[in-house]
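Notes for the structure review
For reference, the chains in residue letters:
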Amino acid sequence: MNSQITAIMPRLISATYHTKIKVAEFIADDGRHLLRTGGTLPWRINNCGDLSSPVNSSGEPNPKLTRNFIGFASVPNKAGTHTYHFFIFPDYETGRTQLEASLKRKYGGQCIPELVKKYAPDGDNDSQVYAESLLKATGIADDKKVGELSNEEFNSLADAIEKLEGYHNEADTRKEIWVPVSTILASDGSRPLADEEIVLRMNGKDMPLKSNAVGQFPPIPHPREPVQVLQRTPDDKLKEIGPIGGDKGQSYSLLVELQRFLGMSGPDKPPSDTTKHRQPFTYQVQPGDTMAAIAKRFRTSVDQIKEDNRRFNDKLFAGELLSIYSPSSQDIKPTKVARPSVPVKRPQKTSTTSVAPPPPAPITATPTLPARSDDGEGKPLALLPADQRRAPWMAFAIAEAKRLKGMTEADIEAGGTNYHTAIKDGIKSMIGNNNAWCAAFVNWCLLQAGYPIDTKGGWAARARGIYSHDSRDEQNRLIQNPLFSQIQKPIYGCIALVVIAKSSQGKHVGFVYAQEDDKTLVVLGGNQSDRICFDAIPIEARGKKLLYFVPASYQQQASTDEKLTLESKKATETNKALGISMENSKTGATL
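Residues numbered from 1 in each chain as written. Predicted model: local features only at pLDDT ≥ 70, side-chain atom pairs only at ≥ 80, totals over all residues. Heavy atoms only, no water.

Let us look at the nonpolar core. W393, Y419, I495, V509, F511, Y513 and F534 are the most contacted members of the largest nonpolar core, which totals 69 residues. The greatest single-element share of this core, amounting to nine residues, is contributed by helix 11 (residues 438-448). When near neighbours in sequence (up to four residues on either side) are disregarded, I495 contacts V442, L446, I466, F484, V509, G510, F511, L547, Y548 and F549. Counting 25 residues, the second largest nonpolar core, distinct from the first, contains C48, L99, Y130 and A158. (Core = buried A, V, L, I, M, F, W, Y, C linked by side-chain atoms within 4.5 Å. Buried < 20%, exposed > 50% of the residue type's maximum accessible area, 1.4 Å probe, protein only. Helix = DSSP H or I, 4+ residues; strand = E, 2+ residues; numbered from the N terminus. Contact = heavy atoms within 4.5 Å.)

What follows covers the packing of aromatic side chains. Applying the stated criterion across every chain, the model contains 16 aromatic pairs. When the ring of Y419 is compared with that of W437, the centres are 5.9 Å apart and the planes differ by 15°; the resulting orientation is stacked. Here Y419, found in helix 10 (residues 419-423), pairs with W437, found in the loop between helix 10 and helix 11; they are 18 residues apart in sequence, far enough to count as distant. Taken as a pair, Y419 and W437 share a single burial class, namely buried. Centroid distance Y419 to F441: 5.2 Å. Interplanar angle 80°. Geometry classified as edge-to-face. Residue Y419 is located in helix 10, and its partner F441 is located in helix 11; the two are separated by 22 residues in the primary sequence. Each member of the pair, Y419 as well as F441, is classed as buried. By way of ring pairs, the aromatic residues F69, F72, F87 and F89 are connected into one cluster. Sitting over the face of the ring of F154, K104 holds its NZ or CZ atom 4.9 Å from the ring centroid. Between R174 and the ring centre of Y167, over which it is positioned, the NZ or CZ distance is 5.5 Å. (Phe/Tyr/Trp six-rings, centres within 6.5 Å; stacked < 30°, edge-to-face > 60°. Lys NZ or Arg CZ within 6 Å of the ring centre and 35° of its normal.)

This is the structure in structure tokens:
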């Protein structure tokens, strides 16, 4: 018996098109970039039918029914009067499938001359010549409708369109170049950091790069020789932190030393009655916090906190927000939090590109930023306490749970809230058994807190997308999503992924909030009994188990949190205390 090793081809997960230089750039799930040049546009973008997207009122692509595309090639017509947004597909087979689906869906009731008037209209085409060419190539009668064609006739029509669109032309000029690429994420150990600067030094030349709104630097293609990475220090000096190169793309975290600010402990007394010196900031309640401890720390009183926040009792829940009016800033002292300024390589390979800054979400959440000063410089009126590093995304999850009060998905969507469309994961509705929105809610909360998410290929809509995009390396090992790091034990705010134990297939995802006992966690999530609520989920039961993840930039904070114990709470009592209705629900059925 002969043994044979079959190479595993990387899967292309996103793409852009560089119109001026006619280069299609694909991103593979193993971190490499594929550059396609030469040939024709349909070949470069795997779009054998030259399918293009409709646009919205702003002229941006607004696809309706086309599926499985990974980008757009925006190309002006010859006259320069119109821009086409052609779909970019991951491979020829996907492009061909979408061409055939489009022909059946849009033109099934039309004959070829009628089809051509819409498919290849006059202006940028000669519709009459196009129709005559199709009829001649296929031998199909000019009055026979597309929906009436035999399989052989239909395939010949698709083949003829593929040929007329030029997919097979200039084959001798086609070139493909694979380039390994690494990514770097700036973090303080808990949150992504925007506007951090590194410098790439190669052959004596320096290229500065800045991190975007979610802490990501542009992907770094590997040159033939290793490139040195240097960090810009606060005193404007460059500090060498390591080389990047080799045949494999990697994903790195750049841990940055920052100054945090801690409130000085003091007597439990209220601040001055003169409100002009009272400086408000938003405080996120941490696990284990009490009203008395918060009041003591910030030199105010329990009664004052209750009055300022319209509270009628002392009960607090982690993730809630309080407006704290502290004394003057003289009572706040800076404390340096040491962070090593070296890149720490995460074990998984990279499989994503830079993520654009989070778009404004159409959903109004309760959490707000600290107030700003009136001098026009945009400085916060109060400094963020250092210990608010634990799971900042939980403020948004808690706020949504309290805002919606146990409304079911149909009522949530009817009220104008849709987490799928908010994160643009390609799904239009939260309603129905095939539109699970647990992962969309998790990703929405992360996005609001400034963490990157990956919406390419619809993975943000799938629970398993937190873990992996089902890609494997040369040894057939699963490649983990580099935006998240797996941890070994549940901590407050971590992402709990319900998987089938034997296959690790994802079934549900939410946030760990507390524990009911040693075998059961309290998980806050969406699509739990068709609503946002707290649910009691067994750590392992009925062939399923929980895996735990945190955003990659939170990895260092997670190692600290793992030393802490989860609070003990009951899901049913927490729902009731926060006003979350569980009417007509089946709590505890998630796993």
